[in-house]
2 protein chains.
Amino acid sequence: MVQAKKSFDSFFKSAFTVDNVIFGFDDGKLKVLLIRRNEDPYADFWALPGYFVQQHEDLDDAAQRVLRETTGLENVYLEQLRSFGAPGRHEFGRVITVAYYSLVKVADFELHAASIAEEVAWHNVEDISVLAFDHEDIVQVALNRLKRRIRTRPVGFELLPPAFTLTDLQHLYEAVWEVDLEKRNFRKKFLSMNLLRDLGRSQTGVAHRPAKLYSFDEKRYRELEEEGFNFEMKEGKRK
Amino acid sequence: MVQAKKSFDSFFKSAFTVDNVIFGFDDGKLKVLLIRRNEDPYADFWALPGYFVQQHEDLDDAAQRVLRETTGLENVYLEQLRSFGAPGRHEFGRVITVAYYSLVKVADFELHAASIAEEVAWHNVEDISVLAFDHEDIVQVALNRLKRRIRTRPVGFELLPPAFTLTDLQHLYEAVWEVDLEKRNFRKKFLSMNLLRDLGRSQTGVAHRPAKLYSFDEKRYRELEEEGFNFEMKEGKRK
DNA sequence: ACAAAAGTGTTCGTACTACACCCATGC
DNA sequence: GCATGGGTGTAGTACGAACACTTTTGT
């Protein structure tokens with residue numbers, strides 16, 4: 001057996017990393033959290049938060065760790081995308097990366113931003129251009145996944161604060177799908193899923209009729225997460 | 001720079017493999033191609049075809065290679081699922097595996113079966129129990145992916161012979177989804193997509209009215225592959 | 001003529017679309 | 001009182017669900 005093992009030694013010369021596409025939603029726009037690298041390769045480039053996986057660390061745990069180290073957040077939505085492993089993608093040797101994406105509430109993040117050493121910043125998805133490694137590809141895959149996910153699972157709430165208006169929710173869908181939706185139909189359909197809980201409160205201090213605040217019903221959320229749903233909607237007319 | 005690299009050496013001690021869930025459809029049942037391992041670890045266990053990725057080999061290429069070596073097939077449908085990397089999943093060291101699944105036509109495979117050394121066999125999906133490593137988990141993930149994919153993309157054809165009947169196609173959906181579907185609605189909906197081409201031929205030698213044979217329209221296939229579709233259908237009454 | 005699967009048409013209900021107006025608040 | 005976004009009701013339509021009978025072949 002030890003002999004059998006010996007013959008495989010040449011394969012045990014690779015490393016792997018996790019990289020995390022952290023999505024946030026703020027100011028009506030979909031954002032991705034990027035760090036500016038302070039070491040080679042790709043020093044000074046913007047990149048996805050990520051790092052080498054420890055020898056005895058589970059992949060999901062490594063992704064959680066990176067998230068904690070970058071944002072101070074724990075227990076957020078995290079899902080593996082897939083791996084990227086083109087030879088030559090990393091100049092130190094063969095490194096494949098396991099890509100994840102997560103959904104966080106931007107407000108929670110602000111509280112812990114101070115704990116970070118490197119430069120960290122939210123970037124509008126539409127403004128992202130050149131990134132380190134193959135990270136642009138990863139962002140693209142993450143974005144496609146998110147577009148499908150919010151149609152299929154009630155994950156949108158992970159991006160919204162604990163109390164939000166129907167218009168906030170609609171703006172989120174519009175930002176992710178890059179479309180405009182028809183207000184009445186959006187509300188009707190979303191409310192008919194019984195997923196929203198009317199908090200009985202309203203906005204204050206706005207220069208117009210204040211909107212009702214909602215949270216989502218956790219029990220119903222889990223039901224729908226199980227069975228999945230199909231939230232489709234035709235694009236409305238451009239405003 | 002060389003010094004910077006040095007400090008990362010401890011990470012370059014891992015290996016990775018590709019494993020492939022090869023789906024086939026025969027005799028009205030969904031099948032997975034398994035090999036019986038002839039070396040440790042897990043000697044004599046049934047397992048997914050897979051092997052270590054070479055140092056300068058792309059992940060997709062490695063998956064293609066495994067497919068070629070196991071089945072003799074090339075140019076088949078292949079898609080990455082995700083990676084599995086629990087520490088301790090492989091007794092030789094840290095090995096993460098990048099899982100793929102592919103869709104093949106069982107008839108094509110039979111022709112090349114002789115080229116394989118180990119025992120290779122199709123197993124009904126429902127009969128798969130204990131497999132090597134974490135391969136049961138991988139099969140489960142592949143199965144869930146396939147269930148969603150045939151609702152979303154016209155990939156079902158990859159599993160069918162070049163000429164098939166509508167009933168064949170219906171049986172495929174029924175096998176993958178594990179439901180019974182209503183004949184008339186299935187036909188109406190599928191035909192309305194303009195995806196099928198009537199070959200003008202029929203079955204011969206069957207003891208009942210012969211069914212028309214269809215192939216799929218490649219141009220329309222690619223269109224729908226781009227834009228995606230949503231083929232949903234309520235379960236019909238049990239027969 | 002009988003068995004066995006192929007094939008087809010219609011009604012009903014529901015859910016999505018499209019559309020225009022009144023309401024509550026801040027300034 | 002006016003500007004700003006919040007909030008609602010309805011008619012038309014299109015598509016999915018449910019359902020039963022006729023057709024073509026082999027034996």
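This is a predicted model, so every value here is computed, not measured.

### With respect to the relation of the copies chain A and chain B
So, point 1. For the pair chain A and chain B, the relating rotation is 180 degrees, the translation along its axis is 0.0 Å, and the fit reaches an RMSD of 0.1 Å. As the rotation angle and translation indicate, the two copies are arranged about a two-fold axis.
So, point 2. When you check the interface residues of chain A against chain B, 100% turn up at the interface there too, and the contact is symmetric in its surfaces.

### Describing the protein's contact with DNA strand D
So, point 1. Residues in close proximity to DNA strand D total 22 residues, the closest being A:K188, A:H208, A:K212, B:R184 and B:R209.
So, point 2. The sugar and phosphate moieties of DNA strand D supply 43% of its atoms located within 4 Å of the protein.
So, point 3. Within the contact set of DNA strand D, a sugar or linking oxygen lies 3.4 Å away from a backbone nitrogen or oxygen of A:R209.
So, point 4. Every element with two or more residues in the surface near DNA strand D is listed here: helix 6 (183-191) of chain A together with helix 6 (183-191) of chain B.
So, point 5. Considering only residue class, the surface near DNA strand D consists of six nonpolar, four polar and twelve charged.

### With respect to the pattern of salt bridges
So, point 1. All chains considered together, the criterion is met by 26 salt bridges over all chains.
So, point 2. Between A:E126 and A:K29 there is a salt bridge, with its nearest N and O atoms 3.5 Å apart. Taken together, the positions of A:E126 in the loop between strand 7 (119-124) and helix 4 (135-152) and A:K29 in strand 2 (residues 29-36) put the pair 97 residues apart, joining distant regions of the chain.
So, point 3. Among the ionic pairs, B:R184 bridges to B:E182, the shortest N-O distance being 3.3 Å.
So, point 4. Given the relative accessible area of 59%, B:R184 is considered exposed.
So, point 5. What makes B:E182 partly exposed here is its relative accessible area of 28%.
So, point 6. One network of salt bridges, in which partners are shared, links A:E57, A:R65 and A:E69.

### What about the pairing of strand 2 (residues 29-36) of chain B?
All names here are of chain B.
So, point 1. With six of eight residues buried, strand 2 is to be regarded as a mostly interior element.
So, point 2. The sheet contact formed by strand 1 (residues 15-26) and strand 2 spans four bridges and is antiparallel. From the neighbouring strand, G24 faces strand 2, where its bridge partner is K31.
So, point 3. As consecutive antiparallel partners, strand 1 and strand 2 are separated by two residues, and within that stretch D27 has a phi angle of approximately 60 degrees, a positive value.
So, point 4. Across two bridges, strand 2 lies against strand 3 (residues 46-47) in antiparallel orientation. Note that in strand 3 the partner of R36 across the bridge is W46.

### Overview of the packing of aromatic side chains
All names here are of chain B.
So, point 1. By the definition in use, this model includes 48 aromatic pairs over all chains.
So, point 2. Pairing Y77 with Y101 gives two aromatic rings, centres 6.1 Å apart and planes at 55 degrees, and the pair type is tilted. Note that Y77 is positioned in strand 5 (residues 77-84) and Y101 in strand 6 (residues 95-103), a separation of 24 residues in sequence.
So, point 3. Take Y77: its relative accessible area is 16%, and that puts it in the buried class.
So, point 4. By relative accessible area, which is 0% here, Y101 ends up buried.
So, point 5. Aromatic side chains F190 and F231 sit 4.9 Å apart centroid to centroid with 55 degrees between the ring planes, which places their arrangement in the tilted category. With a gap of 41 residues between them, F190 in helix 6 and F231 in the segment after helix 7 (218-227) connect regions that are remote in the sequence.
So, point 6. You can call F190 buried: its relative accessible area is 0%.

### Considering the protein's contact with DNA strand C
So, point 1. Surveying the vicinity of DNA strand C reveals 22 residues, the closest of which are A:R184, A:V206, B:T167, B:K183 and B:K212.
So, point 2. One nitrogen or oxygen atom from the side chain of A:N185 is found 3.2 Å from a base nitrogen belonging to DNA strand C.
So, point 3. Here a phosphate oxygen of DNA strand C sits 3.5 Å away from a polar atom, N or O, in the side chain of A:K189.
So, point 4. When contributions to the surface near DNA strand C are tallied by element, the ones reaching two or more residues are helix 6 of chain A together with helix 6 of chain B.
So, point 5. Within the surface near DNA strand C, the residues separate by chemical class into six nonpolar, four polar and twelve charged.

### Quick notes on the environment of A:L143
So, point 1. Inspection of the secondary structure puts A:L143 in helix 4.
So, point 2. C-alpha separation for the pair A:L143 and A:L191, spaced 48 residues apart in sequence, amounts to 26 Å.

Cut-offs used in this document
Residues numbered from 1 in each chain as written. Chains lettered and ligands numbered in written order. Predicted model: local features only at pLDDT ≥ 70, side-chain atom pairs only at ≥ 80, totals over all residues. Heavy atoms only, no water. Least-squares fit on C-alpha atoms with pLDDT ≥ 70 in both. Contact = heavy atoms within 4.5 Å. Near = heavy atom within 4 Å. Polar contact = N/O pair within 3.5 Å; in protein donor to acceptor, adjacent residues only side chain to side chain. Helix = DSSP H or I, 4+ residues; strand = E, 2+ residues; numbered from the N terminus. Nonpolar A, V, L, I, M, F, W, Y, C, P; charged D, E, K, R; others polar. Salt bridge = Lys/Arg side-chain N within 4 Å of Asp/Glu carboxyl O. Buried < 20%, exposed > 50% of the residue type's maximum accessible area, 1.4 Å probe, protein only. Pairing = 2+ DSSP bridges. Phe/Tyr/Trp six-rings, centres within 6.5 Å; stacked < 30°, edge-to-face > 60°.

Geometric descriptors of this kind do not, in isolation, establish any biological role.
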